[in-house]
Amino acid sequence: MTKKEPFFWVTVSCGIVIMAFILLPLIELMTAPSFAMLKETIKDKDVVRSIWLSIYTAGLAALISFVFGTPLAYVLARTDFRGKKLVESIIDLPIVIPHPVVGIAILSVAGKNHWIGELFNQVGIRIMGSVTGIVVVLTFVGMPFYINAVKNGFESISPRLEKVSRSLGASMFSTFFRITFPLAWRSMLVGIVMCSARAISEFGAVVIVAYHPMIAPVLIYERFEAYGLKYSQPVAVWLVFICLTLFLILRILTLHDREKA
Amino acid sequence: MIRIRDLNIHLKEFNLFNINLDIETNEFFVLMGPTGAGKTVLLEAIAGLIPVKSGSIYISEKNVTGLAPEKRGVSIVYQDYSLFPHLTVRENIIYGLHFHKIDKERSDETFDRLVENLNLSYILNRFPLNLSGGELQRVAMARALMVNPEILLLDEPLSALDPGFREEIRAGLKKLHRDSNVTFLMVTHDFAEALSLSDRAGIMNDGKIIQTGTMESIFKRPDSTFVADFVGMKNLFAAQFHGTKASTGNIEIELGAKPANSHGYIAIRPEDIVLSREELTSSMRNSFAGNITEISDHGLYYEAGIMVENITFKSLITKSALLDLQLAEGTGIVVSFKSTAIHTF
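### Considerations on the packing of aromatic side chains
Part 1: Enumeration over the complete set of coordinates arrives at 22 aromatic pairs over all chains.
Part 2: Between the aromatic rings of B:Phe288 and B:Phe337, the centroid separation amounts to 6.2 Å while the plane-to-plane angle is 40°, which identifies the pairing as tilted. Placement of the pair is B:Phe288 in strand β16 (residues 286-297) and B:Phe337 in strand β19 (residues 332-337), with a sequence separation of 49 residues. Grouping residues by exposure puts B:Phe288 and B:Phe337 together as buried.
Part 3: Members of the aromatic cluster, each reached through a chain of ring pairs, are A:Tyr74, A:Phe154, A:Phe173, A:Phe176 and A:Phe177.
Part 4: Positioned over the ring face of B:Phe84 is B:Arg143, at 4.5 Å from the centre of the ring.

Encoded structure:
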């Protein structure tokens, strides 16, 4: 066996440090609460409600991104136009803006001092302290992840497939639904997972727009503030557990289909 | 039938300038030219897949310039075959039927004929992923012909295939063309393909069509230095004409006939230049003594450069000729060529 170079050992040790850095706190968190305590926590109506709220607001954010983001992602993947780079940078803005700033920014448009906020108020849409507000925030922070994933997906499909389809008599709509969509849906699924994962972890922007109704991260924060680490841990474990399960299911679904094709 | 009038296309990377082209019904027309000449752009313009700046395209007397691609009756086969990866071979072939009103009986008959002719029955239920290049190519052809197109566009359909395979597919292509009344327009880089398949051909360069005609006439009588060079006329010299003679550099060449212009170019194919130790006195009207300046190995043959005065002739020779004549760089040798082998323009 050839002797490994020092460089090899540097890469290995850095890798081990990073693995430990990520896994140790998570393992510690997951194993801290006793089984009885976990059981106790999941019977708590507030906990169940907040986790459910987190999941379905994140899901809604992903759905909205899917409906509105897919056409935009397609245009960005297929065409070249003046100002495309600018549009792409704008899409990425929510990723780089600090979370509380996002919350404040959304409130400044949706608040009573702005005509849009006034308009919303008149038709009975409330952003501040409402589920609607939470969904708006989560969509804001999650959308870029969806659009980027799906844009990459569209880019990996040869435009020639669409051209051949057109030449064989298919309209642009038929081509999209018969060729492009079936080939891109997996990347859409990835986009939905990325978007909802980002949305479900949002805290900073949400507390500003809607402390109540409480999503899981806010509840965890409140329990930590009021009762300490020990009482926040079981909720956190449940949140992590349920999210991982959901993502695992999606992952299995996508893998299954890949084997078929 | 395709008629193109004053077609201009200006896209970011691709331009076409003043394209005029007539292709008759059921003709097999070949487009050749260097990479980036605009051949694929022209195909896609005919198919309606890229926007046209000005000019018009007619298919069967109908102006289709502004028509959507799905309404043109033009099928296209790309070099990479572009089969739909999520559909089986059968589904790929019948894809176009979703959008055409062809009665079942007739489409079944077309399907069976294509599957039979292209030998596809054994892969009908497979996905494209694991098919060989030749199989993919045949499926792409079947898919394109399934919708009874008026015109079939082929973008280097054979260039990605193994050389052994190519001959077979070329023969298949010829048969497909003969058995149908579809107009074929094919882009290729291969002269052998062009010669064996085409009725006529066009040479493109820098977004323009430089010359059209039968492949043989283009080969023998190029009308520009670009085409002469493109078809391998390696002996290409600017010359002054006086009477039946041409002078280039310090030598005078007998043309056998009087050219129309007073100056221009003379071109001689390298295989028409004969090397010998002694001066030849036969029907070869032109004979010059010179020195070999280079010999390069081209696999099946050698190419020799011979300096006569200040002109370098290129000649193709076989290995045995090379040995017989004991040629080496610096060897004194006689170059000869018939005046009928000289093309002037």
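### Some thoughts on the sheet that holds strand β8 (residues 183-187) of chain B
All names here are of chain B.
Part 1: Pairing is mixed across the open sheet formed by six strands, whose spatial order is β6-β7-β8-β3-β9-β10. What marks the edges here is a single partner per strand, and that holds for β6 (74-77) and β10 (208-213). Taking the axes of each pair of neighbouring strands and ignoring which way they run, one obtains an average angle of 20° across the sheet.
Part 2: Pairing geometry for strand β3 (residues 28-32) and β8, over four bridges, is parallel. Pairing of Val-30 across the sheet is with Met-186, part of β8.
Part 3: Each of β3, β6, β7 (151-155), β8, β9 (200-205) and β10 is contacted by helix α1 (residues 39-47), which is oriented at about 155° to β7, the strand it contacts most.
Part 4: With respect to the sheet, helix α5 (residues 163-179) is in contact with β3, β7 and β8, its orientation differing from that of β8 by roughly 150°.

### Concerning the interface of chain A and chain B
Part 1: With 20 residues of chain A at the interface, the matching set in chain B holds 28 residues.
Part 2: One can count four salt bridges joining chain A with chain B.
Part 3: When the shortest N-O distance is used, the salt bridge between A:Arg166 and B:Glu70 registers 2.7 Å.
Part 4: Those elements that place two or more of their residues in the side of chain A that touches chain B are α8 (159-167) and α9 (172-200) of chain A.
Part 5: Tallied by class, the residues present in the side of chain A that touches chain B amount to nine nonpolar, six polar and five charged.

Thresholds, definitions, all that
Within each chain, residues carry numbers counting from 1 in the order of the written sequence. Chains and ligands are labelled sequentially in the order written, the chains with letters from A and the ligands with numbers from 1. The predicted nature of this model means local features are confined to residues of pLDDT at least 70 and side-chain atom pairs, given and counted, to a pLDDT of 80 or more, with totals for whole chains, interfaces and linings taken over all residues. Side-chain descriptors were evaluated using all non-hydrogen atoms of the structure, hydrogens and water having been removed beforehand. Stacked, tilted and edge-to-face are the three classes applied to pairs of Phe, Tyr and Trp rings, where Trp contributes its six-membered ring and a pair requires centres within 6.5 Å; stacked means planes under 30 degrees apart, edge-to-face means over 60, and tilted covers the rest. Helix and strand definitions here come from DSSP, where helices need a minimum of 4 consecutive H or I residues and strands a minimum of 2 consecutive E residues; each element is numbered from the N-terminal end. Burial classification: accessible surface area is computed with a 1.4 Å probe over protein chains only, and a residue below 20% of its type maximum counts as buried, one above 50% as exposed, and the rest as partly exposed. A ring is considered to have a charge above it if a Lys NZ or an Arg CZ atom is located within 6 Å of its centre and within 35 degrees of its normal. Pairing between strands is defined by DSSP: at least two bridges between them are needed. For helices, the fitted line uses only the C-alpha atoms of the stretch in contact; every axis is such a line through C-alpha atoms, and the angle between N-to-C directions lies from 0 to 180 degrees. Here, residues are in contact when the closest pair of their heavy atoms is within 4.5 Å. Salt-bridge detection follows one rule: a side-chain nitrogen of Lys or Arg within 4 Å of a carboxyl oxygen of Asp or Glu. Lys, Arg, Asp and Glu make up the charged group, whereas Ala, Val, Leu, Ile, Met, Phe, Trp, Tyr, Cys and Pro make up the nonpolar group; the residues left over, Gly among them, are polar.

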